[in-house]
Amino acid sequence: MPLTHPAPVPAATGRAAPVVEVTDLRRRYGDVEAVRGISFEVHPGEVFALLGVNGAGKTSALEVLEGLAPASGGTVRVVGADPVRERAAVRPHLGVLLQTSGLPADLTVRETVAMWAATLTGPRPVEEALAQVDLTGRADVRVRSLSGGERRRLDLTLALLGSPRVIVLDEPTTGLDPESRRTVWALVRQRVAEGAAVVLTTHHLEEAEELADRIAVMRAGRIVLSGTAAEIAATQPATIRFTLPDGAAPLPAVPGAEVVSDGPRVELHTRALQPVLTRLLVEAAERGVVLGGLQARAASLEQAFLAVADGADPS
Ligand SMILES: Nc1ncnc2c1ncn2[C@@H]1O[C@H](COP(=O)(O)OP(=O)(O)OP(=O)(O)O)[C@@H](O)[C@H]1O
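Think of each chain on its own: its residues are numbered from 1, step by step along the sequence as written. In keeping with the predicted nature of the model, local features appear solely for residues at pLDDT of at least 70, side-chain atom pairs appear and are counted solely at 80 or more, and the whole-chain, interface and lining totals rest on all residues. Think of the side-chain values as coming from all heavy atoms in the structure, minus any hydrogens and water.

For the chain, an unreviewed UniProt entry supplies the name ABC-2 type transport system ATP-binding protein and the organism Geodermatophilus nigrescens. UniProt positions are given in the numbering used here, feature names are shortened, and annotations may be inferred rather than shown by experiment. The Subcellular location (unreviewed entry) comment attached to the chain in UniProt states, word for word, "Cell membrane". Quoted straight from UniProt, the Sequence similarities (unreviewed entry) entry for the chain says "Belongs to the ABC transporter superfamily."

In structure tokens, the structure reads:
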């Protein structure tokens with residue numbers, strides 16, 4: 001797999017027709033082209049994560065899906081319709097969690113959910129919705145008195161209240177403690193199991209690994225890397241580390257391994273972890289050398305992200 005490719009993100013096969021179709025999307029603010037021609041599809045029952053450093057263009061792209069801003073170029077279809085021009089057709093099927101929300105501060109949590117439910121066709125029961133995000137005990141508290149994390153969970157409940165077919169989540173767990181984050185993940189997974197399609201952005205790479213079927217990494221408005229978390233991680237070499245015992249002669253070079261750090265503490269990088277490790281262990285055994293603190297680790301999503309996400313504009 002090439003390290004970077006700006007081509008459309010390959011769609012999962014054998015699924016129902018996509019409910020999100022983004023083709024060569026562009027978004028411009030005056031002279032700034034924030035989104036420079038991105039393409040992807042999301043199918044029912046699938047989670048698609050857009051990753052990228054601050055300013056990569058994630059929110060600018062999501063705002064077009066959410067129907068909040070028109071595209072400067074390209075096309076976006078949500079449940080087959082244009083989310084800006086055919087807003088009335090799209091809105092009942094779309095659940096949106098913005099990065100920040102503006103809820104009336106004087107209403108209680110229960111009143112807020114009930115008020116929102118009254119605007120929807122077939123909303124989930126209010127008490128069920130509160131229970132799913134662990135807000136039952138906070139139902140009579142005014143929004144102004146909620147913690148940041150409770151507020152975020154309330155936002156999420158509102159986004160999911162109408163059982164939308166397409167869910168757009170912009171940094172859903174920012175500011176949440178680890179337990180609340182897991183509550184949110186479980187809820188998202190449940191909706192995906194029911195057939196919802198989810199598009200999310202996050203700065204928590206473990207969140208993308210936990211939730212996303214496919215990931216696209218944006219840089220300067222373009223998708224520069226995409227695939228499953230494992231495919232993206234595999235674009236980077238694996239690492240082998242060990243320490244040679246005092247006085248031991250260096251081991252001979254192993255084909256397929258790059259020596260990053262020599263001397264008694266050795267670090268090797270390789271794209272063929274198993275054969276290189278095998279060869280290394282055979283060499284060590286033949287010489288009667290014990291490799292201290294031996295570690296062999298495949299690359300992580302984080303390593304791949306760091307390798308591409310903050311680089312120069314790929315144009
Ligand atoms: N209203 C605006 N007017 C002008 N430029 C904007 C506007 N909104 C965003 N931008 C610019 O567009 C680019 C993309 O911003 P965007 O918010 O989409 O990035 P992001 O990937 O969502 O970042 P973050 O991770 O910080 O949310 C940035 O250079 C930003 O400064």
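(A) Region of the structure containing the UniProt feature "domain: ABC transporter" (unreviewed entry) in the chain. The feature "domain: ABC transporter" (unreviewed entry), as annotated in UniProt, sits at residues 20-245 in this numbering. Numbering goes from the N terminus for both helices and strands, where a helix is a DSSP run of H or I of at least four residues and a strand is a run of E of at least two. Between the first and last C-alpha atoms of residues 20-245 the distance is 57 Å; the span itself is 31% helix and 28% strand.

(B) The arrangement of the site of the ligand in detail. Working definition: residue near molecule or strand if any one of its non-hydrogen atoms lies within 4 Å of it. Near the ligand lie 13 residues; those nearest to it are Gly55, Lys58, Thr59, Ser60 and His203. N or O atoms closer than or at 3.5 Å make up a polar contact, with two conditions inside protein: a donor-capable atom paired with an acceptor-capable one, and, for residues adjacent in sequence, both atoms drawn from side chains. The side chain of Asn54 places a nitrogen or oxygen atom 3.0 Å from an oxygen atom of the ligand. Gln99 is positioned such that a nitrogen or oxygen atom in its side chain is 3.0 Å from an oxygen atom of the ligand. Tallying contributions element by element places helix α1 (residues 58-65) first for the shell around the ligand, with three residues. Gly is placed with the polar residues, together with every amino acid not listed as nonpolar (Ala, Val, Leu, Ile, Met, Phe, Trp, Tyr, Cys and Pro) or charged (Asp, Glu, Lys and Arg). Per-class residue counts for the shell around the ligand are four nonpolar, seven polar and two charged.

(C) View of the side chain of Thr173. Among the secondary structure elements, Thr173 is positioned in the loop between β6 (166-170) and α6 (178-193). For Thr173, a relative accessible area of 0% puts it in the buried group. We call two residues in contact when some of their heavy atoms are within 4.5 Å. When sequence neighbours within four positions are dropped, the list of residues in contact with Thr173 reads Arg181, Val184, Trp185, His204 and Glu207. Only protein chains enter the calculation, and the probe is 1.4 Å; a residue is then buried if its accessible area is under 20% of its type maximum, exposed if over 50%, and partly exposed in between.

(D) Main features of the pattern of salt bridges. By definition, a salt bridge exists where a carboxyl oxygen of Asp or Glu is found within 4 Å of a side-chain nitrogen of Lys or Arg. Scanning the entire structure with this criterion turns up 17 salt bridges. For Arg152, the salt bridge goes to Asp155, with nearest N and O atoms at 3.5 Å. Note that Arg152 and Asp155 are positioned in helix α5 (residues 148-160) at a spacing of three residues, about one turn of the helix. With a closest N to O distance of 4.0 Å, Glu283 and Arg279 form a salt bridge. Separated by four residues within a single helix, Glu283 and Arg279 lie in helix α9 (residues 273-287), roughly one turn from each other. Bridged by salt links that share partners, the residues Asp24, Arg26 and Glu33 form one connected network.

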